[in-house]
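Architecture at a glance
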Amino acid sequence: MTAAIDLVCLGEPMVELNQHHAGGAYHPGFGGDVSNTAVAAARQGLRVAMSTALGADVFGDSLRGLWTAEGIDHSAVPSDPDAPTGLYFVTHGPAGHTFSYRRAGSAASRMSPRSLPLDLISSAKVLHFSAISQAISPSACDACFAAADAARAAGRLVSYDTNLRLALWPLARARAVIRATIGLSDIVLPGLDDAQKLCDAQDADGIADELLGLGARIVALTMGSDGVLVATADRRERFGAHKVDAVDATGAGDAFDGAFLAEYLATGDAFAAARHANAAAALSVTGYGAVAPLPRRAEVEAFLAR
Ligand SMILES: O=C(O)C(=O)C[C@H](O)[C@H](O)CO
């Protein structure tokens with residue numbers, strides 16, 4: 001079964017409570033950046049598995065329900081009877097969205113190198129994790145490095161989103177860990193705001209140069225309303241942002257990541273992958289929540305064909 005997996009996503013899934021309007025009700029949904037990426041990739045046709053841990057609780061059960069419905073393999077995900085599934089709240093204001101976490105001590109934060117499904121990671125085509133996967137605890141950070149080592153030793157691709165969450169760790173530590181991880185990654189997927197905190201360079205081309213210099217093979221830098229810059233050692237290209245009626249940017253980067261990986265595995269072309277992912281990310285911000293609005297392949301293709 002594991003031999004058929006294209007993508008393993010390693011990190012922390014969470015239940016989401018999203019308050020669409022100030023003072024209004026909180027709407028239940030799903031989040032956790034790499035779980036969002038897993039759903040985004042599965043909706044584009046990849047065979048995806050999760051590597052994480054859940055609490056043995058109703059929130060863990062509902063995440064399993066999501067993954068089953070999306071065709072995502074969660075057979076390697078244990079349920080921890082002694083630690084909860086993490087939650088987060090999303091509120092919206094004039095400056096965008098804010099995340100408030102209830103995740104300290106979660107089951108996923110107890111991940112360690114010993115808990116990894118190494119056969120799965122070594123046999124899948126791509127391992128994807130993020131700086132959030134590393135920030136949730138020192139043992140989870142160790143697990144990410146061990147997983148990257150296993151994937152690389154097996155000749156697999158490592159994909160990394162630099163998602164910087166300064167509520168989870170201080171910038172100095174984040175910067176050191178993230179820059180070291182970029183050196184182990186084939187595909188690096190940063191957002192501009194984060195990249196400006198992680199790099200000495202502040203402009204998009206300088207950031208791409210710096211990340212390629214750290215060892216990335218492909219950099220896809222998402223820049224919000226300025227679109228996307230994709231850079232490899234010998235080519236770079238910009239893709240303009242699509243104009244859509246945006247209501248909630250939660251998970252837009254994860255939508256990009258999942259669609260990018262799906263199209264990259266289908267075509268081997270990072271630039272075609274970015275064009276596809278740029279459209280998927282645009283569609284993902286037209287609804288509330290990290291997961292519900294993630295588009296399917298047919299929707300992305302129809303949007304690009306307009
Ligand atoms: O912020 C986090 O740790 C999350 O995983 C919550 C969101 O789902 C995620 O950030 C969206 O990218």
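Please read these numbers as outputs of a predicted model, since none were measured by experiment.

Within the largest apolar cluster, 54 residues are counted, with the highest numbers of intra-cluster contacts made by Val48, Val230, Phe256 and Phe260. The element contributing the most residues to this core is helix H10 (residues 270-284), with ten residues. Leaving out residues up to four positions away in the same chain, phenylalanine 256 has contacts with Leu189, Ala220, Thr222, Val228, Ala274, Ala277, Asn278 and Ala281.

What surrounds the ligand is a group of 13 residues, the closest being Tyr88, Tyr101, Arg103, Arg165 and Asp254. Between the ligand and asparagine 36, the relevant distance is 3.0 Å, taken from an oxygen atom to a side-chain nitrogen or oxygen of the residue. Tyrosine 101 is positioned such that a nitrogen or oxygen atom in its side chain is 2.5 Å from an oxygen atom of the ligand. For the ligand, whose accessible area on its own is 320 Å², the fraction buried by protein is 97%. Looking at the shell around the ligand residue by residue, the classes come out as five nonpolar, four polar and four charged.

Its 15 residues place the ends of H10 20 Å apart at the C-alpha level, agreeing with the 21 Å of an ideal helix rising 1.5 Å per residue. With 13 of its 15 residues buried, H10 lies for the most part within the structure. Of the residues that open H10, the one with a side-chain oxygen 2.8 Å from the backbone nitrogen of phenylalanine 271 is aspartate 269.

Another point: the packing of aromatic side chains. Counting across every chain of the model gives seven aromatic pairs. Note on tyrosine 88 and phenylalanine 99: the rings are 5.3 Å apart at their centroids and 85° apart in plane angle, and the pair reads as edge-to-face. In this pair, tyrosine 88 is assigned in strand S7 (residues 86-93) and phenylalanine 99 in strand S8 (residues 96-102), connecting sequence segments eleven residues apart. Classification of phenylalanine 99 by relative accessible area gives partly exposed; the value is 24%. By the ring-pair criterion, three or more aromatic residues cluster together here, those being Tyr88, Phe99 and Tyr101. The side chain of arginine 103 reaches across the aromatic face of tyrosine 101, ending 4.5 Å from its centre.

Right, let's talk about the environment of leucine 229 for a bit. Mapped onto the elements of the fold, leucine 229 is located in strand S13 (residues 228-231). Remark: the alpha-carbon pair of leucine 229 and alanine 140, spanning 89 residues in sequence, is separated by 30 Å. Among all residues touching leucine 229, those that are not within four sequence positions of it are Ala204, Asp205, Ala208, Val219, Ala220, Leu221, Met223, Arg236, Glu237 and Arg238.

Attention now goes to the pattern of salt bridges. Side-chain pairs of opposite charge can arise whenever the charged atoms involved come near each other. One pass over the structure, following the stated rule, counts 14 salt bridges. Measuring nitrogen to oxygen at the nearest pair gives 2.6 Å for the salt bridge that ties arginine 236 to aspartate 209. Placement of the pair is arginine 236 in strand S14 (residues 236-239) and aspartate 209 in helix H8 (residues 204-214), with a sequence separation of 27 residues. Judged by its relative accessible area of 32%, arginine 236 falls in the partly exposed class. Members of the salt-bridge network, linked through shared partners, are Asp205, Asp209, Arg236 and Arg238.

Below, the discussion takes up the sheet that holds S14. What the eight strands build is an open sheet, ordered S4-S1-S9-S10-S11-S12-S13-S14; its pairing is mixed. Since the sheet does not close on itself, it has two edges, and those belong to strand S4 (48-51) and S14, each with one partner. Within the sheet, the average angular offset between the axes of one strand and its neighbour, ignoring direction, is 15°. As paired strands, strand S1 (residues 7-10) and strand S9 (residues 126-130) are joined by four bridges and run parallel to one another. Within S9, the residue paired with leucine 7 across the bridge is valine 126.

We now examine the sheet that holds strand S3 (residues 26-31). The four strands lie next to each other as S3-S2-S7-S8, forming an open sheet whose pairing is mixed. Where the open sheet ends on each side, the last strands, each with one partner, are S3 and S8. On average, adjacent strands in this sheet sit at an angle of 25° to one another, irrespective of strand direction. Both strand S2 (residues 14-19) and S7 contribute to a ladder of five bridges, which runs parallel. By the bridge assignment for S7, asparagine 18 is matched with valine 90. Packing of helix H2 (residues 58-70) onto the sheet brings it into contact with S2, S3 and S7, and relative to S2 it is tilted by some 90°.

Our focus in this paragraph is the environment of arginine 238. Position of arginine 238 relative to the elements: it lies in strand S14. A residue is classified by how much of its surface remains accessible, and arginine 238, at 48% relative accessible area, is partly exposed. What arginine 238 contacts, discounting residues up to four positions off in sequence, is Ala204, Asp205, Val228 and Leu229. A polar side-chain atom of arginine 238 sits 3.4 Å from a polar atom in the side chain of aspartate 205.

Rules and cut-offs
Residues numbered from 1 in each chain as written. Predicted model: local features only at pLDDT ≥ 70, side-chain atom pairs only at ≥ 80, totals over all residues. Heavy atoms only, no water. Core = buried A, V, L, I, M, F, W, Y, C linked by side-chain atoms within 4.5 Å. Buried < 20%, exposed > 50% of the residue type's maximum accessible area, 1.4 Å probe, protein only. Helix = DSSP H or I, 4+ residues; strand = E, 2+ residues; numbered from the N terminus. Contact = heavy atoms within 4.5 Å. Near = heavy atom within 4 Å. Polar contact = N/O pair within 3.5 Å; in protein donor to acceptor, adjacent residues only side chain to side chain. Areas by Shrake-Rupley, 256 points an atom, 1.4 Å probe, with all protein chains shown as cover. Nonpolar A, V, L, I, M, F, W, Y, C, P; charged D, E, K, R; others polar. Expected span 1.5 Å × (residues − 1). Phe/Tyr/Trp six-rings, centres within 6.5 Å; stacked < 30°, edge-to-face > 60°. Lys NZ or Arg CZ within 6 Å of the ring centre and 35° of its normal. Salt bridge = Lys/Arg side-chain N within 4 Å of Asp/Glu carboxyl O. Pairing = 2+ DSSP bridges. Axes fitted to C-alpha atoms, helices over the stretch in contact; angles between N-to-C directions.

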